[in-house]
Amino acid sequence: APCSNNFDVENESIDFAMSLTNRAAVLGKFKMHKNAAEDLEVAIKSGYPKHLLYKAYQRLAVAYESLGDQSKAKHAYEKLLDAFDYSDIQNQKMKKMKKNAVLALHSVDTRESTKQHSMKKLDLTK
C-alpha cells in the first residue's frame, strides 16, 4: 500500500506498527505470506508494543513457515518464546501458547535438520 510523504514519522508510530501487524493477519488469511512477513518485519522494527510482540512473532513464524523458509521461521519462533516474557497473557493461556510454540519450533528445527542432511547427501554423490 502507498505510504505518505511522512513515512519516517509514521515508521516510528505505534499505531503504524499495529496497523501493519493487523494487515499482516489479513494477508495471512489470504495466503499472501510474503507480504505478511514484510509488514511484520517493518512493524517489529517500528515500535510494535513490547507486551504484544508475541502476536507479531507468531504471525511472522507462520508466514515464513508457509514460505518454506525454515531458518527464518525457526528464528521467529525463538523470538516468540522470548516475547512471552513481556506479554500480558493470562498464565493458563500462556502455558498453552508456549507449549504450541515449542512444538512448532521443534517441528521446524526437525525439517531444517532433515533438509540440511539431505543436502549433504546430495553433495556426497557428486
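Residues numbered from 1 in each chain as written. Predicted model: local features only at pLDDT ≥ 70, side-chain atom pairs only at ≥ 80, totals over all residues. Heavy atoms only, no water.

Chemist: Sorry, what's going on with helix H4 (residues 53-67) here?
Modeler: Note on helix geometry: an α-helix contains 3.6 residues per turn, so any two residues three or four positions apart are oriented the same way. With 15 residues, H4 should reach 21 Å at 1.5 Å per residue; the first-to-last C-alpha distance of 21 Å fits that figure. Listing the buried residues of H4 in full gives Leu 53, Tyr 54, Ala 56, Tyr 57, Leu 60, Ala 61, Ala 63 and Tyr 64. (Helix = DSSP H or I, 4+ residues; strand = E, 2+ residues; numbered from the N terminus. Expected span 1.5 Å × (residues − 1). Buried < 20%, exposed > 50% of the residue type's maximum accessible area, 1.4 Å probe, protein only.)

Chemist: Explain the layout of surface pockets here, please?
Modeler: Here the idea is plain: a probe the size of a water molecule rolls over the atoms and shows the empty space left. Space inside the largest pocket adds up to approximately 210 Å³. As for the largest pocket, its lining consists of Ala 24, Ala 25, Gly 28, Lys 29, His 33, Ala 36, Leu 40, Gln 58, Arg 59, Val 62 and Ala 63. Secondary structure elements with two or more residues in the lining of the largest pocket: helix H2 (14-29), helix H3 (33-45) and H4. In terms of residue class, the lining of the largest pocket is built from six nonpolar, three polar and two charged. (1 Å grid on protein atoms, 1.4 Å probe; cavity = no way out; pocket = protein on both sides within 12 Å on 5 of 7 lines; lining within 4 Å. Points joined across faces, edges and corners; volume = space filled by probe spheres on them. Nonpolar A, V, L, I, M, F, W, Y, C, P; charged D, E, K, R; others polar.)

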